[in-house]
Amino acid sequence: MSLFAGTFGAILGLGGGIFLVPALTLLVGVPIKFAVSTSLIAVVATSVASSSIYLKKGFTNLRLGLLLETTTVLGAVIGSSIAIYIKEEFLALLFSFVALYTAIAMWRSEKSKNNSLPSEERKATKSSLNLSNEFIDPSTGNKVSYAPKNLLAGTVLSSTAGAMSALLGIGGGPIKVPLMRLVMGIPLKAATATSSFMVGITASASALIYLGEGLVKTELAIPAVLGIFLGARAGALAAGKIKSRYINFIFVILLIIIALEMFMKGIGAVL
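Residues numbered from 1 in each chain as written. Predicted model: local features only at pLDDT ≥ 70, side-chain atom pairs only at ≥ 80, totals over all residues. Heavy atoms only, no water.

Caption draft 1: Region of interest: the overall build of the protein chain. Check the secondary structure of the protein chain and you find 11 helices and two strands. Each helix (α) and strand (β) of the protein chain, taken in turn from the N terminus, gives the series α-α-α-α-α-α-β-β-α-α-α-α-α. Sequence-distant contacts in the protein chain: of pairs separated by 6 or more residues, those separated by 24 or more amount to 81%. On the protein chain, roughly 11200 Å² of surface is accessible, and the fraction owed to carbon and sulfur atoms is 68%. (Helix = DSSP H or I, 4+ residues; strand = E, 2+ residues; numbered from the N terminus. Contact = heavy atoms within 4.5 Å. Areas by Shrake-Rupley, 256 points an atom, 1.4 Å probe, with all protein chains shown as cover.)

Caption draft 2: View of the packing of helix α4 (residues 62-83) against helix α7 (residues 151-168). Orientation of α4 relative to α7, taken along the N-to-C sense of each, is 35 degrees, at an axis distance of 6 Å. Helix-helix and strand crossings are classified by hand; for α4 and α7 the assignment is right-handed. Taking contact as the criterion, the partners of Leu-64, Leu-67, Leu-68, Thr-70, Thr-71, Thr-72, Gly-75, Ala-76, Gly-79, Ser-80, Ile-82 and Ala-83 in α4 are, on α7, Leu-151, Gly-154, Thr-155, Ser-158, Ser-159, Ala-161, Gly-162, Ala-163, Ala-166 and Leu-167. Taken together, the residues of the contact of α4 with α7 break down into 11 nonpolar, 11 polar and no charged. (Axes fitted to C-alpha atoms, helices over the stretch in contact; angles between N-to-C directions. Left-handed = near helix turned anticlockwise from the far one by under 90°. Nonpolar A, V, L, I, M, F, W, Y, C, P; charged D, E, K, R; others polar.)

Caption draft 3: Fine view of the packing of aromatic side chains. For the structure on display, the rule yields four aromatic pairs. Note on Phe-59 and Phe-135: the rings are 5.2 Å apart at their centroids and 70 degrees apart in plane angle, and the pair reads as edge-to-face. Remark: Phe-135 occurs in strand β1 (residues 133-137) and Phe-59 occurs in the loop between α3 (32-57) and α4; sequence separation between them is 76 residues. Residues Phe-59 and Phe-135 agree in their burial class; the two are buried. Here the aromatic residues Tyr-54, Phe-59, Phe-135 and Tyr-146 are joined through ring pairs into a cluster of three or more. Taking the ring centre of Phe-34 as reference, the NZ or CZ of Lys-217 above it sits at 4.6 Å. (Phe/Tyr/Trp six-rings, centres within 6.5 Å; stacked < 30°, edge-to-face > 60°. Buried < 20%, exposed > 50% of the residue type's maximum accessible area, 1.4 Å probe, protein only. Lys NZ or Arg CZ within 6 Å of the ring centre and 35° of its normal.)

Caption draft 4: Examining a nonpolar patch on the surface more closely. Taken together, Trp-107, Phe-249, Ile-250, Ile-253 and Ile-257 make up a surface patch of nonpolar side chains, about 480 Å² in accessible area. With respect to the helices and strands, Ile-250 occurs in helix α11 (residues 244-266). (Patch = residues over 30% accessible without salt bridge, like charges linked within 9 Å, V, L, I, M, F, W, Y side chains within 5 Å. Salt bridge = Lys/Arg side-chain N within 4 Å of Asp/Glu carboxyl O.)

Caption draft 5: Quick peek at the pattern of salt bridges. Here the structure, examined in full by the defined rule, presents three salt bridges. Of the charged contacts, one joins Glu-69 and Lys-176 as a salt bridge, the two residues approaching to 3.1 Å between their closest N and O atoms. Here Glu-69, found in helix α4, pairs with Lys-176, found in helix α8 (residues 173-183); they are 107 residues apart in sequence, far enough to count as distant. Take Lys-176: its relative accessible area is 1%, and that puts it in the buried class. Asp-137 serves as the salt-bridge partner of Lys-189, at 2.7 Å between the closest nitrogen and oxygen.

Caption draft 6: Focus on the side chain of Lys-33. Counting through the fold element by element, Lys-33 comes out in helix α3. Using a relative accessible area of 15% as the deciding quantity, one classes Lys-33 as buried. Within the structure, Lys-33 has its side chain in polar contact with the backbone oxygen of Ile-86 (distance 2.9 Å). Apart from the residues within four sequence positions on either side, Lys-33 is in contact with Ala-83, Ile-84, Tyr-85, Ile-86, Glu-88, Leu-91, Tyr-210 and Leu-215. (Polar contact = N/O pair within 3.5 Å; in protein donor to acceptor, adjacent residues only side chain to side chain.)

Caption draft 7: Region of the structure containing the side chain of Thr-71. Along the polypeptide, Thr-71 turns up in helix α4. By relative accessible area, Thr-71 is classed as buried at 19%. For Thr-71, the side chain forms a polar contact with the main-chain oxygen of Thr-155, separated by 2.4 Å. Filtering out sequence-adjacent residues up to four positions away, Thr-71 remains in contact with Thr-155, Ser-158 and Ser-159.

Spelled out as structure tokens, the structure:
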């Protein structure tokens, strides 16, 4: 279970939490708040395992990731501080809506093929924060160059990713990847790699608060971390060779299934 979550979490840049939380709650019967705290710790392992591989391949945009984390961590601290007071049924419904939103957003992202900015705009971005980047896509052998757009909107909206990470144990990836892809114009593989780097920082900030509230069970966390770490290494090694449209397709189908199951759990009927 955690092996699967780690593999797909690394491939999709999600951290694995969006798969691990419903697996723990729906299949194992773990209360959602304990599932969230376990997931957050496991997401840190996913980030560590996958980020080193993505960095070597040149997919990760470190400067962009650190910029977005300034507001993401703030949102994570706020979200985890209020999560302990929210009913589990509401969290399940919220998880369902986030999963459905992510599926729709990533389906839309495949429709958009504009992965780079005009040369003048790229030059302007370079001269200010130097956030432009490029990488070789192993699935095609082509060089992909891009420069992020809408930096202010991306930075502000990242706080939402942090809050959702803390509330739902998802590491923020399901918000960050569509945000970077659709709002900031980042190619999918760069977005997933940068998200993989970021989710560990985001999850760490939230996990500490859950730990302080006594919501972490070591008997759940240890096997989850082991499985998700191994899965994340395998996923990160495979990700560069998989074409983006296949990643998107798998992503959308899985998220729709998860959204439906968590919705039914939220309204009191498990499929």
